[in-house]
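Residues per chain, in single letters:
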Amino acid sequence: GNSVTQMEGPVTLSEEAFLTINCTYTATGYPSLFWYVQYPGEGLQLLLKATKADDKGSNKGFEATYRKETTSFHLEKGSVQVSDSAVYFCALSDRDTGFQKLVFGTGTRLLVSP
Amino acid sequence: DGGITQSPKYLFRKEGQNVTLSCEQNLNHDAMYWYRQDPGQGLRLIYYSQIVNDFQKGDIAEGYSVSREKKESFPLTVTSAQKNPTAFYLCASSISSGVAGSEQYFGPGTRLTVT
């Protein structure tokens, strides 16, 4: 079945450091890929998405490129802030079925210190 | 403001009692979803509904029930048959469940504790 694998956290960085959170996937067909962010005690918010190979999603300084050849969708940010501290979830949806089911990774906690 | 509301934010129940979690959306979305989140794990799908008066089981439906009598409402009942009900429950909606790439919008969640 479809699955998403994320790097284990927590990822601990100092403010203004470069961030990479790795995400790889296994899927049949051509899934859409998403990054969601969850701040403490809250629901998930969509951060960015990509719907086909080589697409780059971007939002709030975060970027991720849909790499079909490596089945990856790594999240990057050039300079993190304390306010970026949260849990980040990579997810895919399978477009070959009539129902768009989201499959989530286990999440990666990011801690940014001043 | 459009969005999804879940109530209450925190819920405490005794073992053996059924409990219903509320989810309302004013986004005019057709599809709604219930997920369960446990510490250190991703989200797991409990139930989903593509249209009013229709719903399907997700990956972990045992011990849960839902209804979809109105487009904007999708309540989840955690029954006494659910062996490990303590968790964070998230409701979501999307324009349509069949459109590739359509995002899901999430509510703030309800943290249920059963003792």
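Above this text you will find the structure in question.
Residues numbered from 1 in each chain as written. Chains lettered and ligands numbered in written order. Predicted model: local features only at pLDDT ≥ 70, side-chain atom pairs only at ≥ 80, totals over all residues. Heavy atoms only, no water.

### Side note on the sheet that holds strand β3 (residues 19–25) of chain B
Residue and element names in this part refer to chain B.
Alright, step 1. Read across the sheet, four strands follow the order β1-β3-β8-β7 without closing on themselves; strand pairing throughout is antiparallel. Either end of the sheet is taken by a strand with one partner, and the two such strands are β1 (4–7) and β7 (64–66). Ignoring which end each strand starts from, the neighbouring axes of this sheet average 20 degrees apart.
Alright, step 2. One ladder, built from three bridges, connects β3 with strand β8 (residues 76–78); its direction is antiparallel. Considered in β8, the bridge of Leu-21 is made with Leu-76. (Pairing = 2+ DSSP bridges. Helix = DSSP H or I, 4+ residues; strand = E, 2+ residues; numbered from the N terminus. Axes fitted to C-alpha atoms, helices over the stretch in contact; angles between N-to-C directions.)

### Side note on the state of the cysteines
Alright, step 1. Counting across every chain of the model gives two disulfides over all chains.
Alright, step 2. One disulfide bridge connects A:Cys23 with A:Cys90, the sulfur atoms lying 2.0 Å from each other. Taking the torsion about the sulfur-sulfur bond, which here is approximately -70 degrees, the covalent link between A:Cys23 and A:Cys90 counts as left-handed. In this pair, A:Cys23 is assigned in strand β4 (residues 23–26) and A:Cys90 in strand β10 (residues 86–93), connecting sequence segments 67 residues apart.
Alright, step 3. A residue is classified by how much of its surface remains accessible, and A:Cys90, at 1% relative accessible area, is buried.
Alright, step 4. Here B:Cys23 connects covalently by a disulfide to B:Cys91, the sulfurs 1.9 Å from one another. Between B:Cys23 and B:Cys91 the disulfide shows an S-S torsion of about -70 degrees. By sign, it is left-handed. (Disulfide = S-S within 2.5 Å. Buried < 20%, exposed > 50% of the residue type's maximum accessible area, 1.4 Å probe, protein only.)

### Re the interface of chain A and chain B
Alright, step 1. Taken together, the contact pairs 22 residues of chain A with 25 residues of chain B.
Alright, step 2. Taken together, both faces of the contact between chain A and chain B bury some 1800 Å²; the carbon and sulfur share is 54%.
Alright, step 3. There are three residue pairs in polar contact (both at pLDDT 80 or more) connecting chain A and chain B.
Alright, step 4. Every element with two or more residues in the side of chain A that touches chain B is listed here: β5 (32–38), β6 (44–50), β10 and β11 (102–104) of chain A. (Contact = heavy atoms within 4.5 Å. Buried area = accessible area lost by both parts, 1.4 Å probe. Polar contact = N/O pair within 3.5 Å; in protein donor to acceptor, adjacent residues only side chain to side chain.)

### Side note on the packing of aromatic side chains
Alright, step 1. Taken as a whole and assessed by the stated rule, the structure comprises 12 aromatic pairs over all chains.
Alright, step 2. Aromatic pair A:Phe62 and A:Tyr88: ring centres 5.7 Å apart, planes at 40 degrees, arrangement tilted. Here A:Tyr88 lies in strand β10 and A:Phe62 lies in strand β8 (residues 62–65), a separation of 26 residues in the sequence.
Alright, step 3. When its relative accessible area of 3% is taken as the criterion, A:Phe62 is described as buried.
Alright, step 4. Overall, A:Tyr88 belongs to the buried group, its relative accessible area being 1%.
Alright, step 5. With a centroid separation of 5.7 Å and 85 degrees between ring planes, the pair formed by A:Phe104 and B:Tyr35 is classed as edge-to-face. Highlighted residues: A:Phe104 in strand β11 and B:Tyr35 in strand β4 (residues 31–37), drawn from two different chains. (Phe/Tyr/Trp six-rings, centres within 6.5 Å; stacked < 30°, edge-to-face > 60°.)

### Overview of the sheet that holds strand β3 (residues 19–21) of chain A
Residue and element names in this part refer to chain A.
Alright, step 1. Taken together, four strands build an open sheet; the order of strands is β3-β9-β8-β7 and the sheet is antiparallel. Each edge of the sheet is formed by a strand with only one pairing partner; in this case those strands are β3 and β7 (56–59). Across the sheet, the mean angle separating the axes of adjacent strands is 15 degrees when strand polarity is ignored.
Alright, step 2. Here β3 runs beside strand β9 (residues 75–77); their pairing, made up of three bridges, is antiparallel. The residue bridging Thr-20 from the neighbouring strand is Glu-76, located in β9.

### A word on the pairing of strand β11 (residues 110–114) of chain B
All names here are of chain B.
Alright, step 1. Burial along β11 is one-sided: Thr-110, Leu-112 and Val-114 are buried, and none of Arg-111 and Thr-113, which face the opposite way, are.
Alright, step 2. Both strand β2 (residues 10–13) and β11 contribute to a ladder of four bridges, which runs parallel. The residue of β11 that forms the bridge with Arg-13 is Val-114.
Alright, step 3. The sheet contact formed by strand β9 (residues 87–94) and β11 spans three bridges and is antiparallel. Its bridge partner being in β11, Ala-87 is matched across the sheet by Leu-112.

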